[in-house]
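# Descriptive structure summary
Chain residues, written in single-letter form:
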Amino acid sequence: MTPDATRSELTLDDTLRLRKLIGDARCVLFDFDGPICRLFAGHPSAGIAQRIKHWLAEQGHAVLLKGLKDTSRDPQDVLKVVGKAHPGSELVMELERKLTEEEEHATVSARPTPYADPLIRTLVAIERKLAVTTNNSATAAARYLGLRDLTSCFGPHIYGRTADPALLKPDPYCLERALDSLGYPPHESLMIGDTLADARAARRASAPFLGYAHDELRADDLYAEGASLVVDSLEYVLEAARAETPHRH
């Protein structure tokens, strides 16, 4: 059973709010891991984090890991710590390349988020422009979209991690790049994400934010960070999109 199999029901007010979010948006910015797929479903991120930590130790940089919680299972946390200690260094660039390779490998066993594929296609059908704004590698996101035959839905508008970990969300850098490329102001966009970093980046970019979360505590946190609405199934978003008419330019 997928998490979306037992969705909660939206109130009428929430349904109308969702319809307005979709109706007002001329472009939709998707986070990648979460709203589009479970990237690490078959290639767990905890294992990646452990391998990267081990590589750092082999290179004589174990001391850097003192700034990282032993319980951290997110390889991007490792990248951030090293990036803060050695900004712009070859070490950071090599670490980022290793993380990219791991993420590209993960795309093969990634699982699509329920209703994500038809939602993406429906948004294109009603003439919304789409972009990916992610802390993951842009090449990994592009590879996954290619495997799902979704490349044409996004075109070149895939904005991911750079060699500078300081620009990862919650910094709004990737959102601002996407908006500039698509040619729309923030108030005509909609960001769909599942993390506090997504919500904070959207707020800093002045973009409306739609949260995706199955946990009530996470939903409350996303609301606290400025989410216009939080849903536990993209089926609601798909239904709202199907009820829309195309934007005429």
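Please read all numbers here as calculations on a predicted model, not as lab measurements.

## Observations regarding helix H9 (residues 196-204)
In an α-helix, one turn spans 3.6 residues; hence positions three or four apart end up facing the same way. Residues of H9 that are buried include every one of Ala197, Asp198, Ala199, Ala201 and Ala202, and no others. Summarising the contacts, the buried residues of H9 are in contact with helix H8 (173-182), strand S6 (189-193), strand S7 (209-212) and helix H10 (216-224). In the stretch just after H9, serine 206 is the one whose phi turns positive, near 65°.

## A few points about the pattern of salt bridges
Scanning all chains against the criterion turns up 16 salt bridges. Between glutamate 188 and arginine 26 there is a salt bridge; the shortest N-O distance is 3.9 Å. Remark: arginine 26 occurs in the loop between helix H1 (12-24) and strand S1 (27-30) and glutamate 188 occurs in the loop between H8 and S6; sequence separation between them is 162 residues. Where lysine 169 meets aspartate 31, a salt bridge forms, and the shortest distance between an N and an O atom there is 3.0 Å. One end of the pair, lysine 169, is in the loop between strand S5 (158-159) and H8; the other, aspartate 31, is in the loop between S1 and strand S2 (37-38), and 138 residues separate them in sequence. The two residues lysine 169 and aspartate 31 agree in class, both being buried. Among the charged side chains, a network of salt bridges with common partners joins Glu90, Glu94, Arg97 and Lys98.

## Let's talk about the packing of helix H4 (residues 90-106) against helix H6 (residues 138-147)
Where H4 contacts H6, the two axes come as close as 8 Å, and the packing angle between them is 10°. Judged on the interaxial angle alone, H6 and H4 are roughly parallel. The segment H4 lies against H6, with Thr100, Glu103 and Glu104 engaging Thr139, Ala140 and Arg143. For the contact of H4 with H6, the per-class residue count stands at one nonpolar, two polar and three charged.

## Focus on the packing of helix H2 (residues 45-58) against helix H3 (residues 75-85)
Remark: H2 packs on H3, axes separated minimally by 8 Å, with the N-to-C direction vectors making an angle of 35°. For the pair H2 and H3, contact is made by Ser45, Ile48, Ala49, Ile52, Lys53 and Leu56 and by Pro75, Val78 and Val82, respectively. Class assignment of the residues belonging to the contact of H2 with H3 gives a composition of seven nonpolar, one polar and one charged.

## Considering the pairing of strand S4 (residues 129-133)
When you tally the buried positions in S4, you get four out of five residues, the bulk of the element. Where S1 and S4 come together, four bridges link them in parallel fashion. In the strand pairing of S4, leucine 29 is matched with alanine 131. In this structure, S4 lies alongside S5, joined through two bridges in parallel fashion. Residue pairing in the sheet places valine 132 in a bridge with isoleucine 158 of S5.

## Thoughts on the sheet that holds S6
The strand order across the open sheet formed by six strands is S5-S4-S1-S6-S7-S8, and the pairing between neighbours is parallel. Of all strands in the sheet, those bounded by a partner on one side alone are S5 and strand S8 (229-231).

## Observations regarding H2
For H2, built from 14 residues, the straight-helix expectation of 20 Å at 1.5 Å per residue is met to within 8% by its first-to-last C-alpha distance of 20 Å. Among all positions of H2, only Ile48, Ala49, Ile52, Lys53, Trp55 and Leu56 are buried. Buried residues of H2, viewed axially, fall in a sector of 160°; they line one side. More than 90 degrees from the buried face of H2, the exposed residues found are Gln50 and Glu58. Where H2 is buried, its residues contact H3 and H4.

## Let's talk about empty space enclosed by the protein
One pass over the structure, following the stated rule, counts one cavity of 30 Å³ or more. The space that makes up the largest cavity amounts to roughly 50 Å³. Considering the residues around the largest cavity, the lining is formed by Thr134, Asn135, Gly160, Arg161, Thr162, Asp164, Leu167, Leu168, Tyr173 and Cys174. Its residues assigned to classes, the lining of the largest cavity shows four nonpolar, four polar and two charged.

Analysis parameters
Residues numbered from 1 in each chain as written. Predicted model: local features only at pLDDT ≥ 70, side-chain atom pairs only at ≥ 80, totals over all residues. Heavy atoms only, no water. Buried < 20%, exposed > 50% of the residue type's maximum accessible area, 1.4 Å probe, protein only. Helix = DSSP H or I, 4+ residues; strand = E, 2+ residues; numbered from the N terminus. Contact = heavy atoms within 4.5 Å. Salt bridge = Lys/Arg side-chain N within 4 Å of Asp/Glu carboxyl O. Axes fitted to C-alpha atoms, helices over the stretch in contact; angles between N-to-C directions. Parallel < 35°, antiparallel > 145°, perpendicular 65-115°, else oblique. Nonpolar A, V, L, I, M, F, W, Y, C, P; charged D, E, K, R; others polar. Pairing = 2+ DSSP bridges. Expected span 1.5 Å × (residues − 1). Arc of directions from axis to C-beta. 1 Å grid on protein atoms, 1.4 Å probe; cavity = no way out; pocket = protein on both sides within 12 Å on 5 of 7 lines; lining within 4 Å. Points joined across faces, edges and corners; volume = space filled by probe spheres on them.

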